[in-house]
There are 6 protein chains.
Amino acid sequence: MSRPDGRTAAALRPVNITRGWSRHPEGSVLVEFGDTRVLCTASVTDGVPRWRRGSGLGWITAEYSMLPRATNTRSDRESVKGKIGGRTHEISRLIGRSLRACLDLKALGENSIVLDCDVLQADGGTRTAAITGAYVALADAVDWLAARHKLAASPAKALHRSVAAVSVGIIKGEPRLDLSYAEDVNAEVDMNIVCTGAGEFVEVQGTGEDGVFDRDQLNALLDLGVLGCAELTEIQKKSRA
Amino acid sequence: MSRPDGRTAAALRPVNITRGWSRHPEGSVLVEFGDTRVLCTASVTDGVPRWRRGSGLGWITAEYSMLPRATNTRSDRESVKGKIGGRTHEISRLIGRSLRACLDLKALGENSIVLDCDVLQADGGTRTAAITGAYVALADAVDWLAARHKLAASPAKALHRSVAAVSVGIIKGEPRLDLSYAEDVNAEVDMNIVCTGAGEFVEVQGTGEDGVFDRDQLNALLDLGVLGCAELTEIQKKSRA
Amino acid sequence: MSRPDGRTAAALRPVNITRGWSRHPEGSVLVEFGDTRVLCTASVTDGVPRWRRGSGLGWITAEYSMLPRATNTRSDRESVKGKIGGRTHEISRLIGRSLRACLDLKALGENSIVLDCDVLQADGGTRTAAITGAYVALADAVDWLAARHKLAASPAKALHRSVAAVSVGIIKGEPRLDLSYAEDVNAEVDMNIVCTGAGEFVEVQGTGEDGVFDRDQLNALLDLGVLGCAELTEIQKKSRA
Amino acid sequence: MSRPDGRTAAALRPVNITRGWSRHPEGSVLVEFGDTRVLCTASVTDGVPRWRRGSGLGWITAEYSMLPRATNTRSDRESVKGKIGGRTHEISRLIGRSLRACLDLKALGENSIVLDCDVLQADGGTRTAAITGAYVALADAVDWLAARHKLAASPAKALHRSVAAVSVGIIKGEPRLDLSYAEDVNAEVDMNIVCTGAGEFVEVQGTGEDGVFDRDQLNALLDLGVLGCAELTEIQKKSRA
Amino acid sequence: MSRPDGRTAAALRPVNITRGWSRHPEGSVLVEFGDTRVLCTASVTDGVPRWRRGSGLGWITAEYSMLPRATNTRSDRESVKGKIGGRTHEISRLIGRSLRACLDLKALGENSIVLDCDVLQADGGTRTAAITGAYVALADAVDWLAARHKLAASPAKALHRSVAAVSVGIIKGEPRLDLSYAEDVNAEVDMNIVCTGAGEFVEVQGTGEDGVFDRDQLNALLDLGVLGCAELTEIQKKSRA
Amino acid sequence: MSRPDGRTAAALRPVNITRGWSRHPEGSVLVEFGDTRVLCTASVTDGVPRWRRGSGLGWITAEYSMLPRATNTRSDRESVKGKIGGRTHEISRLIGRSLRACLDLKALGENSIVLDCDVLQADGGTRTAAITGAYVALADAVDWLAARHKLAASPAKALHRSVAAVSVGIIKGEPRLDLSYAEDVNAEVDMNIVCTGAGEFVEVQGTGEDGVFDRDQLNALLDLGVLGCAELTEIQKKSRA
């Protein structure tokens, strides 16, 4: 059984990480997983929200969004609808949790970082591409802070881990890595895996989209996901070299 | 190391399922996992949303909410704030996906069911209690439809699986089943597991709240969760006997 | 002419007041007027809103809401609609005014109390049940404050009156006390009466739902309402004994 | 004891009703109770809301609003805040109920009428002025429909009652008619009374703003209010002569 | 070719400016351009928004709105819809910019002025009538501040320019001044011109509503607009004499 | 006096138009005016909004938005704030009007086109870049419709004009073409000009940001703008060749 783009089951799509894609942000990365294209920016501001002042701790949040025609069919803008949908909320929260796992908020000092992940073009795996790209934007922002002597500790202490994320799924019984949209809509099981550069799990979310899954299937998906994240970690490293 | 309420690591809290707790809904269950108390109602309406008419398929959605003082500190109402928060959205979606896994929408016929899960008192595990209780409310609603000859097939075909859910987590290195709030806030890893009555997975969501986790820890949590769901399945069966 | 449940025209439905129904709030009462079931909680917080600080005066507000399937037909959640309806606003304001009549805000000191009245099951008279139950929750919250020496005066001074409320109406020409939903929808005149424990009026709201009413009818309704409130006052006292 | 403007306790302020104040609406009335100035318009549209079609019944609603600087201190616009406040909702509902009591919806036929009551200048009693003026605008709109043969019966049958409304209150122990703002803020009891032209009650709403009231006080207020409404009915008649 | 109301192409409609139309505001003007009727109020408050404090600069904003039945067909209220439409936003911003051009914010001192322009009746040119009337309300508010010694400089310095505005357009090839609604909907080109009393431009907005326009047409419209504004400046002066 | 980037006063910044930048839309253009970078997509859907069906006319709208970190300082997302700001509304409306001037809605047939203009990076002139790019995306979408025989006439008839837009302004007394952000914030007068390919005006919007302007200055700006638009028209043509 072959995949739509001829990849093997355990292969990632071509992944590109373009740093400094836009001019204004402290960290700015265009990340591409095949045709999925996400602009991840890290915006630094002095200080933290009022209720956190004086704590000595930094603050980091993430917001995910899709351009209306990132997808095959145009979606209404959430700004026009006047509210944010459940999917957007869910993904923003996932990105935020994943990136917080990398940061020592005490070493960050009383600085705030907002990670904006805007999907310019979607072809499956937008949330995992966003996490993978946002990590690089975050690393650049931490370097920016370090260069200005604004961290409360060394950058290696502030950003003490890396994270990368990938989707895995089972299509017609076969576990596959990094699903494109055409595969995703046909998956029996869909899982997103976030790992550290050291291969530990940060987040595991598996859903039986159209059915259920057993322990063996779960294990096969976890194996694939760990491999995929390791490969993405290498690509992140190269982009920052 | 002992738990705050003296339970063993693999023990559920006392679980109560009270059917018919309120008078109006077609299914109505008060579910208690220790001090966590969720009112789950299933509301049946004839027909399906306009865009689905004529498809022969039914429709099911879920909405989760918390009373403002279900928790130790009062939260503002989402109706007063004018918008639904990310956590609420995320949990409503999880409940909906979990219950959809039980239903054959073709056998349901063009009927709609809304599952409302309102947390009256919270002490950890509200989303897993909600799924476990909502399943029983849903089963009662399917029986209600069957009794009125409104299903397109037998009730056993319409509701072809059961689901139950439980939280698991690692506290000070120890994997534990069914965390109370006091345990949840201190957990290094937090996982929600939704299983069918046959022991398959419907959904697995694990998060390193304050750190990361390895494959062995993940396996220990999955083992505990599967056992917990099996026990809950028995309690569901007894409540419906 | 007999009432649907066989009561006489001047009889209340069975009234139950369960204190301490939920664990977290400073005051927590499940009040039942027949099948109407409202959870009233009183939440205390230190201090008052910013614009009131330094005034030496306390602050009290009330919020009323209905669970979506409290009624025979499911209503959409106001949180999902993104706005609060006129009826909800109107009732929240009525509850707030009624309870404020009991409190000496100076004796309360700079403490805030929020009364949440959530209708778990509705069968007419939800707003009057809410006021009657909220008074008891408020009294428990004032005792809680007194026990912690947080009042600026004695509890008897802070809570210098009690209030209770009941609905009355005219059905097929007959004035009746404490209408159930089936009676309420058929009432020619509908009136809500809020009285103090001493039998004075706090609020009188009469509406000719399907017609008009004369002074004699109004007088008959006031007579009934005063009697009903006196009876409810006794039930409140017993619950607090 | 004398009133700020020298009136006797049972005197209305000067009342003016200007019909046809604006050009576009089917009924348009500027009503003045002293310095309170409300523009009441009645807008007719063919047909009724979708869910009411084919019922043979008409439809009528009311909306109340205040210009931001109608009052002594500027209020934020509800359109800017993005939501309607409780007071606005409450008054809109009161106006709607009061005017519905005048109309036979079957005789109106499947026509819709919206009554907009916009307070241009406020000096107490805006809701009662609005009801009194809206009745006249409504009568003009019914005539407009009759002239175009759009009613399902005679105009006298469609508009089978008149309504007028007035506020009454107790200031320093004295019952007074038609309170100005300066009196309203100092009232111990505040009551709004809506009567038909025949002297029956449509709505009675009394509140112990800063205290409570007994049956005698209530009776005194009702007496005053009935007299005031009778006088307003005469003024309405003259304006339509 | 003659205009609907018999005016010549370069004639304004009858313009009336009634100062002190309402009692509460520091400046209050009812401005009429023919049947267009706008209530412009200027509300003064001590101090400026928090982020501007200590700057020594004042603050001025404008809000435009239409009553629902100001127009031939009733529009839904923006407060009911829960959001402000693009047209309203656009006009509010235009009024604000125009009036800011008159004021020296340093001479104003740390005072805030809100200009509310509420269209009571619309017949074309509501935004230009609003600017013309708001200037007079603003001038009265500045005098009010001067009389209370609240300005940081002389009133002539604080309000160092006057502004007036008028619409111009091309109908069937003919450039015309001050379009009524009937003309406006048929205009090929529509332009709003805001000029100072000295004849300079503050704002020029021309739109080819149903087509395009060339430089000669643009020049003809600018000539007309400058003349119209000069005439309006005289009317403003007389109203303030 | 020289410009920050060394351009002459009448020079455009480097302009790039990249067609087919994203995969899904029927027309997709990345337009760059110097560092300003806007993604313009044209989304075609069959049919028109309900109220327009059967008219034989097509429908076109535009929506403008900025990514939160397109600018030097991060702005809050309008989706998070729950409402669209005045500036966004104003620009969306300007783009829509400008593009509607190009289209014959009858020749378009009952098809709808939404133009989304999302600013990925901002450095002044985002609205004029958006119009210039959106025209090209629209032309591609019209070709797409023509290729599928979905137009009611020839594409040349459907898209009977081109439009381009540019900003002009006066900085320290000097009229300049195509302002960057650094120039825009210092401009005494700021004007946006939209012209057809034939050099006619579609829209002219001039504002005295910090002062006023006379007829000579206005003429100088119009001259510059017309030249700039002519140059942009040539660039549009080349991109489509």
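The model shown is predicted, which means the values in this text are computed figures rather than measured ones. (Residues numbered from 1 in each chain as written. Chains lettered and ligands numbered in written order. Predicted model: local features only at pLDDT ≥ 70, side-chain atom pairs only at ≥ 80, totals over all residues. Heavy atoms only, no water.)

Moving on: the interface of chain B and chain C. Between chain B and chain C, the contact holds 36 residues from the first and 36 residues from the second. Taking both partners together, chain B and chain C bury about 3,000 Å²; carbon and sulfur atoms supply 48% of that area. In terms of surface lost to chain C, no three residues of chain B exceed His24, Arg69 and Arg77 of chain B, which account for 23% of the buried area on that side. Between chain B and chain C we count 16 salt bridges in total. Arg74 of chain B is the salt-bridge partner of Asp116 of chain C, the closest N and O atoms lying 2.6 Å from each other. (Contact = heavy atoms within 4.5 Å. Buried area = accessible area lost by both parts, 1.4 Å probe. Salt bridge = Lys/Arg side-chain N within 4 Å of Asp/Glu carboxyl O.)

If you walk through the whole model with that rule in mind, you get twelve aromatic pairs over all chains. A cation sits over an aromatic face here: Arg37 of chain D above Trp21 of chain E, 4.4 Å from the ring centre. (Phe/Tyr/Trp six-rings, centres within 6.5 Å; stacked < 30°, edge-to-face > 60°. Lys NZ or Arg CZ within 6 Å of the ring centre and 35° of its normal.)

This part covers the relation of the copies chain B and chain C. Relative to chain C, chain B is turned by 180° and slid 0.0 Å along the rotation axis, the superposed coordinates differing by an RMSD of 0.0 Å. Considering both components of the superposition, the chain copies are consistent with a two-fold axis. Taking C-alpha positions as the reference, the residue of chain B nearest the rotation axis is Ser79 of chain B, at 1.8 Å. (Least-squares fit on C-alpha atoms with pLDDT ≥ 70 in both.)

Our focus in this paragraph is the arrangement of the chains. The smallest C-alpha distance separating chain A from chain D is 10 Å, and no contact links them. There is a gap between chain B and chain E: no contact, and a shortest C-alpha distance of 10 Å.

Residue and element names in this part refer to chain A. Here, UniProt's "domain: Exoribonuclease phosphorolytic" (unreviewed entry) annotation points to residues 12–141 and 163–225. Helix makes up 30% of residues 12–141 and strand makes up 32%, while its end C-alpha atoms are separated by 27 Å. Strand forms 44% of residues 163–225 and helix 24%; the C-alpha atoms that close the span are 13 Å apart. (UniProt positions renumbered as here; feature names shortened; annotations may be inferred. Helix = DSSP H or I, 4+ residues; strand = E, 2+ residues; numbered from the N terminus.)

Another aspect to go through is the packing of helix α4 (residues 126–147) of chain D against helix α7 (residues 215–240) of chain D. Residues and elements named next belong to chain D. It is at 10 Å that the axes of α4 and α7 come closest, and there the two elements cross at 35°. Taken as a pair, α4 and α7 cross one another with a handedness that is right-handed. Residues Thr132, Tyr135, Val136, Ala139, Asp140 and Asp143 of α4 touch α7, and the partners they reach there are Leu232, Gln236, Ser239 and Arg240. Broken down by class, the residue content of the contact of α4 with α7 amounts to four nonpolar, three polar and three charged. (Axes fitted to C-alpha atoms, helices over the stretch in contact; angles between N-to-C directions. Left-handed = near helix turned anticlockwise from the far one by under 90°. Nonpolar A, V, L, I, M, F, W, Y, C, P; charged D, E, K, R; others polar.)

We now examine the pairing of strand β7 (residues 174–177) of chain E. Residue and element names in this part refer to chain E. Pairing between strand β6 (residues 163–171) and β7: four bridges, direction antiparallel. By the bridge assignment, Val168 is partnered in β7 with Leu177. The loop that links β6 with its antiparallel partner β7 comprises two residues; one of these, Lys172, has a positive phi angle of about 45°. (Pairing = 2+ DSSP bridges.)

Here we come to the sheet that holds strand β2 (residues 27–33) of chain D. Residues and elements named next belong to chain D. With respect to topology, five strands assemble into an open sheet ordered β1-β2-β3-β5-β4, the strand pairing being mixed. Each edge of the open sheet is held by one strand with a lone partner, namely β1 (15–19) and β4 (59–66). For this sheet, the mean inter-axis angle between neighbouring strands, taken without regard to orientation, is 15°. Where strand β3 (residues 36–46) and strand β5 (residues 111–121) come together, ten bridges link them in antiparallel fashion. Across the sheet, Leu39 pairs through a bridge with Asp118, a residue of β5. Most of the contacts of α4 go to β3, to which it runs at about 35°, and overall it touches β1, β2, β3, β4 and β5. Strands β1 and β2 of the sheet are contacted by α7, whose axis makes an angle of about 30° with β1.

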